[in-house]
Structure formats: C-alpha cells, structure tokens
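Report on the structure
So you can see what is in the structure, the chains are spelled out below.
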Amino acid sequence: MATIVEPTIFELSAPGRRGVTMPASDVPETALPPQDLLRSELPLPELAEVDVVRHYMRLSKFNYNVDAGFYPLGSCTMKYNPKINEDTCRLPGFLYTHPLQPIETVQGNLVLMYEMQEWLKEISGFAGVTLQPAAGAQGEFSGVLMMRAYHKMRGDEKRIKMLIPDAAHGTNPASVGMLGMSVVTIPSDERGNVDLKALSAACDDTVVGMMLTNPNTLGMFDEHVEKVIELVHGCGGLMYGDGANLNALLGIVRPGDLGFDVMHFNLHKTFSVPHGGGGPGCGPVGVGPKLVDFLPAPLVGIIEEESEDVPPLYGFVTPKHSIGRMKAFHGHFGGGLVRAYTYIAMHGPDGLKDIAQYAVLNANYLQARLRDTYHIPFDRICMHEFVMEGQFEGSPIRALDISKRLMDYNFHPPTNYFPLIVHEALMIEPTETENKDTLDRFVEALIKIAEEAKTQPELLQNAPNDTLFGRMDEVKAARELVLCCWLPEDYEKIK
Amino acid sequence: MNTPTNLKYAQSDEWFDPANGAVGITDYAQNQLSDIVFVEILVEEGDSIEAGKPIASIESVKASSEIYAPASGKVSAVNKALADKPETLNSDPFGAGWMIKIEGSASDSLIDSTAYEAHCASRNH
Amino acid sequence: MTYIPISPHERDEMLKTVGVQTLDDLFEAIPQKHRFPELNLPPALSEMEAADLLGEMASSNENVREHMISFLGAGAYNHYIPSVIDHMLRRGEFYTAYTPYQPEISQGTLQAIFEFQALMSALTGMEVSNASHYDGATATAEALNLAYAQFRGKRKKVVLSPAVNPQYREVIRTYSQGLGVENVGDSASDSALSPEALLPLIDESTMLVVLQFPDFFGRIYDYTKIIEAAHAQGALVCVVANPTALIMLKTPGAMGADMVVGEAQPFGIPLWYGGPYLGFFTTKKSYVHKMAGRLVGETIDSRGQRSYVLTLTAREQHIKRERASSNICTNQGLLALACSIYMSALGQNGLRQVANLCYQKAHYAANELNKLAGFKVHFTEAFFHEFTLECPKPAHEVNQYLLENGIFGGYDLGQNYTALKNHLLIAVTEMNSKADIDALVAALKEM
C-alpha cells in the first residue's frame, strides 16, 4: 500500500460536517420539479471551512513557485509576478461587471481593452489586435484561421501546406492539424537559423505560409529573418510569428516592422500574468494590414467619436470578413488584461526595453559562465534563453538526471528535451527578474552537478533526494489510469 | 534486439510475415517507443488498404507513432485483444503483438532481416 | 517602475563576463534599420499612480454588487464567492507556479487538479474529467474535436440544438472551419421547438448531437430518449450543462450522455467582465484517449508515496504535434482550484442551499412577473434559475427603461432569435433578494 502524504478532499470528508452556509430563503416556497428530473445523490465532500483551508495550505506547500525561488524554464518566461497586479485585477469594478452589461455601464473596462489593443499594436508594429484568444495556443489557432481565410477569400484554394521549422513548439503543427492542413518541416542550419536552401525549395504556390518563432527555441534571433520573410511572401505565403519569446524583443524590434503578418502574444509570459499552475493564459493576436479584416469578432472600437465635453463611446465592432468568435464573451479580461495593462502602464517605453535588455543579459551571463562545463551546440550571443546539452562524454547521466538533481539544490529545473533538435536538451531562460547572486548560485550548482556526474552518478540518477517526493512511476499512472478518486460504483465504499 | 529472419521489414519499423500476411511493429520500434499504453487500429476486417497508408496509431508514455501498411490488399483479420492489452506490443511484438493480417502483396520497398538490422544500427548513432 | 534586481555595477560586471561593452551590443543580430524603435506609449507610472489609474477605470463602471440590480445570466452568473477561496488563490505557491511538468515539486497543483477531476465527475455523473478548458464554449468545441477524432473524419454532421447558447454555437462554427463539418439544426426560427424536433436530423452520418441542460431558455428536459435515439444511429451526444443546476437535477450522465461539458464560472469565479472562466469537460472512460487537454493520474513515487502525474501526455500537442486532436496546452489551473475550493467549502449542504435558493427565487420572480398585465412566462416547461419572459414591447426597450431604474433586466433574446424579439431571458440567483425581485416587478408594472 502506498503511503498517503495528504488525503484527498474526499477522504477528509465526514458525513454531516458543515462548511460555508447560505442564508435562508426570503421568498415563498415553490414545489421542486418532478422527482424524475431530480438527482438522487450528490457524492461530494462534507467538510468544515478549517478542514478545507488546512488541506489546501498543505497542498500549496508541495509546490515550487516563482515567489519561492528561481524558475529558469526555457520558453516559459517565469518572471516575477508583481503584487500590485493582484490588487488591480480584484477591484470591485472589474470583478463584478457582467459581460453582457450595456456598454454605457462598462466604459472603464472598454477603455482599458481599447488602450490595450492600441498598446499591443504599438509594441509589436501591427495594424490590428484582438484580445479575445484565451491562451497562446488559441491565439495561434486564430492566426492560422485568418491565414486560411485570407487565401480562401482570394480564391487561392490550393494552398494547404504550412512551413514549420524543426525547432518549433508542438502547438504550431497542432494548430495546423486542427484545420486539416499539412506540415512541411524546415531544418535549421548550423548557426541555428532557418536553412534558407531548404526553405527556398519548399516555397511554392501551395504554401499557406510559415510559422516562425523568433527568437527561436534555441534562443537565437534568426540572422536572416528578413530573407526568410521575403521568400515566404515571394511565393504568396503569409508569415506567422510565434510570440512565445517576445520578452526578448520589447523595445528592441517590432515583428510587424520585420514583415510578419500575424503574431500571438502570451500575456502570461511577457507581461507578467501569473501562470497559475498551468493557466489561465491570455493570448491576444496582432495582424498586419492584409489580415485586419479577418480578425475574430468582436473587437473594441470607438462607436461615437468624442465631442467637446463628451468622451468617446467605446463598444464592440465586427471586422468585415471576421473568422468568427473564438470563445464566449470578450477574452480573459479580469485575470489577464487588467494585470498586463497594469504592468505595461508601470513600465512605459523605457521600462519595456529594460525588460528585454536584462532578460538577454541574464541569459548571456549564464551561457558565458556555463560554456566551459556544458556543451552548447549553438554557441553565439543568445537572446533571452539558450540550450545546452545535459550529457557528458562516456557518462550514463542524462538531462533528466541533471534536472532532478537541481531540485536538491532548491532550483526549478530548466525545460528538458526541447527543442527536439538538441540531444538531451536543457533549455534555460532566467528572465530579467533575477539578480546576479541567484544566477551565480545556479551556475555553481550546475558546475557541482557536472562534477557529481563523474564522481557520484547515482546521486543524480536517484535524485531528487532532498524533496518531499521522489521520482514518479509514470508508466503505472498511464497503465492503470486512475483519474478520479472515486467511481460511481465505488462511492459507497469511499464514504 | 530480436529480428526474425523469416519476416520482411519496412524502414518505418513494421514487419510483414509473407507466410500468413501478419503485420506488426518490430522489437526495435517497441523499444524506442518504450511503455506502450494505447493502440488504435484504424482499419477493419474487409477494408482494402494500400501499402504506406496508416493502419494504426500507438501512444506510449513518452511518444506517439503512426503505423503504416507494409503490404497492399484486403484486411483479413484484426487483433482486437491489443486494445485492452497494449503492453503486448512491448512484451511480444512478433507473436501475440501482431496487429492485422493482410491478404495481398508486400510492398516492393520491404527489406530482409540483415538489411533491417543494418538500418537500425545506422540510426543508433 | 521595473522589477529588475540588478545594480549598474553588477550589470557592468556581467557585461564583462559576456564579453560586450553595453547592453545594446547584445542585439547585433537584429536588422539595424528596425533596431530599437521609439515606442509611443504613455510614460512609466509608479505603483501608487498605477493603483490610482486602475482604481479610476474600475470605479467608472456600474457593477452588479454596488450599483445595479442584475438579472443577467445567459452564460455568466452572479453568485456569492466564499471568502476562503481568494485567500487560498492568493498564495504564491499556487498562482506563481507553472504547469506541473516536474511532479516531485508540483504535487500541490497535481493533487488539486486530480481532486478537481473527481469533483467534476461526481457533479456531472461521468467517469472522467480532464483538467479543464478555456471556457464553456471552447469545451463544447473540443467535444466536436473528440467526436471528429472518434469517427476519424468519416462522419461529418453535427446536430446543434438551437437552444444551445448562441455564442457556443458560433465558437463551434469557428473551430470546425477546416474540417469540412456540416453543422445543422439551429436555424433561428426553430427556437421554440422541443428537443424531439432534432430527431429527424440524426442519421448515420451524424457524429455528434449537442444539447444544453437547462437549455438556453432555461427549460429542463430529460434527454434520455433523444440520447438513446442518437446512440441508435451510432452518434455521440454532448450535453452542455450548468453546474449550479446539476446540484439539484438529474445528471446528463444518468441520461446517457457521452460528454458533459460546460462553464464552471458559477462555482467561485467572479464575473470579471467575461473571463477568464473555466470550461469543464467530462466523458466516459472509453473516450479518454480521444479527449483533449491535460489529465492527471494517480501513481506512486520512488519512496512508495501516493502521488500524481500528468498522464497520457502522448495525446497532446507537444508529442503528437500535427496529429493531435487539439492544440491546447494550458488548462485554467488556478480557476479549477477556485472551483474545487468552492465545492469543498460549501460541500453537499452549502451547494444544495445555493441551488435551492436559485430555484426558489427564480420561481418567485417568474410567478410575480407572470401576474403583470402584458407580461407572460413564455414556456410551460420546468425551469431552474433562468426563464424566458414575454414582454409587451421589444426587449431592448424594456431593458433601456429598466436601466434608467438601476436594473439590468435580462438578456435580449431578439438578438439571436427573430421570433423572440419581445423576450427577455431572466436569471435569478441567491444574490437577488426578494426586495430586488420586487423592485423589478414594481418597475415593470409602472412601465
């Protein structure tokens, strides 16, 4: 029998315990619907409030988090989440506005959304922005839908191929797969750029476009990005920018200026919306002039221009050839847009540039200090992240072992096994919100681990040793597939 | 690595038994995929299939893979037991782990066991 | 103000280690003519100024707690949120953690998701739940992706009830653009029909039937027969359900649904002007390999302790890439936690109280409004906490009048259903006191 560290909420339940109670009804009673429309049982836990608080407090202590320490997960931009954002997004005026209220009663929300659209356009160099997509992946899907709609509108129906570099995030091909298009993989060259020869060969009149992450997942800014875009545009394709790595570009270069036609933003990476243990994200999309008429509906616009002493009236508008609605209502307003708006307002243009510059400095500093110990296959000035190999000549140690051992040093591991084009990849993104002392301690831990890999490999292979939990049996989880702490037929037993 | 000599092999790691038309994945393939947790056979008995077209989809703890037909012809049998015991593909890829049987002709591109072993060895570097 | 903890002296030392002179030198790979654009944005604010600015924006709204009486629902509901939820959500251990890819140091998030899955399965009467989707609309669209994958594209017809939330149907249409799927059944004139009217549309080419419970007009039906009929044709059935209603009513699981999905915003998530919310997705165990989204399973660790991991990850985009049935990679983690705490803190007893209050108050409102000359509760079927009110003049005019009286009247159904332009969809929850309801009745009586 497995040891139980923390019982489930169902196991903590005891019949008859009461938690939060509601007031008595203040209206005359009406009979319930007929019995055959009612449920007979409600197999949910019964606990007092203190039981609930202690349970979730204990669970919280099992988590590593940015508030507690360094979290250099490549491609995830785990920066510090400013506390003021937690207050602004909970202002009653934001919390308690219903998405279907008349626009005259929510001008504060609509101004915020309108300005957010304008700011994101300015930051990225695009002509239009939708705030609707719920996360980066949904933003990507919206972008690909717009690319498809653009070609379709022009009667260019034979375009079915999307060009995607081998270093791309899995969401890129998956977004394309959701539309029944096919993927053509484009290799990287020895400097980590898109291989121009392979790209030229793939460009023809069946190409929808290309999806490029730049800086790419190796942390490299593509040195021929303008040539890449020219080739794709040259064959009639559109250029999608995966904005996952935008943190490196704030105030440095605008993707729209480079010629990208469409890009999603990850407000939960670049603009400090907290990751929340896996979400919610927030994934607005910017587009160039070719695609503005295809943006998802609705957008926020000015419905009545301002006059002498009356401010403009903000409301919703639908683009001419909109691809439609991506989700219910208007996007991740409260938890996403309000936090990101607060963050951008506090940084201003110079502060945004500082973010990118220090994110890039921190990554290059780590790269410079680790270069002699770990092999860095694409070794040049990186942007906000870099990738090194987590393996040593003649040693059984793998990237995963190094990652697990880092936990014993109280660091969150880097991203493992991505991008796929580097063996035993360790992808490190420090972000701008770490000081030099933290970076130095992290370097020292990695150097020590490299030493341990030679002298005491079992220390790495068994790691983590000093955490509350050890390595998990993932095969057992997938084979036995216990996804629920009760099954309908088991509930009587659990109770 | 086990590579029975009576079978023919595809570069994409399927085997084909010319004697009875059985098709499966190789020992090399199951080892690369590691612990297999899901098998979905995409064809049914009686379907006509073409060599090179997908016949099954496999997911392991860490990877997923499409399986392609090594022969063209008619599907004469489907191993339905695999759905409940996908781990059979790991434990007995050339025996109880057969996936379908095809009545028809093997693809011209299939290779023998010696050539297949060389093909696997070349990928281990 | 920025959050960069590096002093000028440290910066210079670090630049030296990297081997460049200035920060700008790090960006030589960027095409020079586009490098370092001047951004035309407002100048930076201090925290104090930002707090003021956002405070002004927020307080310029009329909100449903401080200023207005609201009977708006139609997919987002004003419920009481117990204090305990936000105290837990504000713990940095939860909100500043990433996706639990390293299970040894993410057991808090993982066990919380595992419990969320169990709680949602218990509520819907289904065997499995995933870790959540963006919202109710996209969860419904993912039901279409599951059905499409299940039939491997061989069946292409989706039968949509016109009584499914119009926004959800729009999202289904957006998502299915590239799949060659035919969506039928929901032309606007069909609004008043009972679900049996969909039966002739369900045939051997149907992959999915989508119903809503209670439906968009608030009506409660037992869908058992229509689900049986769909199954007889081999089609799958997805029921979009309201979680508050499920506390009281027969579950779609008990009616035989293959998927029960919906919007869990009513369970502890603020209105927040429409998001972020919490899509839930529950199904039968036999479809788990075709289900999109993150999934947590139980296992043990190397020390023999019960623990949890993300499982069946080979279904997902980062491994399956273009063959994945969905590109989703986040879940609504923190909001799933809010939902779990809501269900735990209220428990069986508190949840039943919430459901009963919604039911009682909605019925009181309906009875009183039905007495007014010119007004009539439009449908005769049983309802839960939302109902359709026929008015003597166009709904938007009624709403405009109510707005002047400090009341958000209800959702104007004429926006989506041409036959219902004089009809309001009225939602009543435990947040509406008898006095609120009486104020609505009195205002309409005066109109």
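Preceding this section is the structure that the text describes.
Everything numeric here is computed off the predicted structure, so don't read it as measured data.

With that settled, consider the side chain of C:T388. Residues and elements named next belong to chain C. Relative to the assigned elements, T388 resides in strand 12 (residues 386–390). At 3.2 Å, the side chain of T388 and the backbone oxygen of F217 are in polar contact. Excluding residues within four positions of it along the chain, T388 makes contact with F217, K376, V377, H378, F379, L413, H423, L424 and L425.

This brings us to the interface of chain B and chain C. Often, the extent of an interface is quoted as the loss of accessible area upon association of its parts. Contact with chain B, which involves 14 residues of that partner, is made by 11 residues of chain C. Carbon and sulfur atoms supply 43% of the area that chain B and chain C bury against each other, a total of about 1000 Å² over both sides. Our count for the chain B to chain C interface comes out at 3 salt bridges. Our enumeration of links across chain B and chain C arrives at 5 residue pairs in polar contact (both at pLDDT 80 or more). The greatest single-element share of the side of chain B that touches chain C, amounting to 4 residues, is contributed by strand 4 (residues 36–41) of chain B.

Let us look at the side chain of C:R321. Within the secondary structure, C:R321 is located in the loop between helix 11 (317–320) and helix 12 (333–370). It turns out C:R321 is buried and unbridged, and the closest side chain with the opposite charge, C:E322, is 4.9 Å from it. Setting aside its immediate chain neighbours within four residues, C:R321 contacts A:D166, A:A168, A:H169, A:G170, A:P173, A:A174, A:L420 and C:E316.

Residues and elements named next belong to chain A. Spatial ordering of the open sheet is given by 1-7-6-5-4-2-3, a layout of 7 strands whose pairing is mixed. Two strands lie at the open edges of the sheet, namely strand 1 (128–130) and strand 3 (182–186), each paired on one side alone. Neighbour-to-neighbour, the strand axes of the sheet open up by a mean angle of 25 degrees, direction not taken into account. Relative to strand 7 (residues 285–287), strand 1 runs antiparallel, the two sharing 3 bridges. Its bridge partner being in strand 7, G128 is matched across the sheet by V287. The sheet contacts of helix 4 (residues 107–124) involve strand 1 and strand 6 (262–265), and relative to strand 1 the element is tilted by about 125 degrees.

Listed by partner, the interface residues are 190 residues for chain C and 207 residues for chain A. With both chains or domains summed, chain C and chain A bury close to 17200 Å², and 64% of this area falls on carbon and sulfur atoms. With a closest N to O distance of 3.0 Å, C:E104 and A:K404 form a salt bridge. Scanning the region where chain C abuts chain A turns up 89 residue pairs in polar contact (both at pLDDT 80 or more). In terms of residue count, the dominant contributor to the side of chain C that touches chain A is helix 12 of chain C (26 residues). Broken down by class, the residue content of the side of chain C that touches chain A amounts to 96 nonpolar, 60 polar and 34 charged.

Below, the discussion takes up the sheet that holds strand 11 (residues 376–377) of chain C. Backbone-to-backbone hydrogen bonds join strands into a sheet, with any given pair of strands oriented parallel or antiparallel. Residues and elements named next belong to chain C. Strand order in the open sheet formed by 4 strands is 11-12-15-14, and the pairing between neighbours is antiparallel. The open sheet terminates on both sides in strands that have one partner only, identified here as strand 11 and strand 14 (411–412). As paired elements, strand 14 and strand 15 (residues 423–427) share 2 bridges and run antiparallel to each other. Within strand 15, the residue paired with D412 across the bridge is L424. Here helix 13 (residues 395–404) sits on the sheet and contacts strand 14 and strand 15; the angle it forms with strand 15, its principal contact strand, is near 50 degrees.

Here is what the cut-offs are and how they apply
Residues numbered from 1 in each chain as written. Chains lettered and ligands numbered in written order. Predicted model: local features only at pLDDT ≥ 70, side-chain atom pairs only at ≥ 80, totals over all residues. Heavy atoms only, no water. Helix = DSSP H or I, 4+ residues; strand = E, 2+ residues; numbered from the N terminus. Polar contact = N/O pair within 3.5 Å; in protein donor to acceptor, adjacent residues only side chain to side chain. Contact = heavy atoms within 4.5 Å. Buried area = accessible area lost by both parts, 1.4 Å probe. Salt bridge = Lys/Arg side-chain N within 4 Å of Asp/Glu carboxyl O. Buried < 20%, exposed > 50% of the residue type's maximum accessible area, 1.4 Å probe, protein only. Lys, Arg positive; Asp, Glu negative; His and termini not counted. Pairing = 2+ DSSP bridges. Axes fitted to C-alpha atoms, helices over the stretch in contact; angles between N-to-C directions. Nonpolar A, V, L, I, M, F, W, Y, C, P; charged D, E, K, R; others polar.

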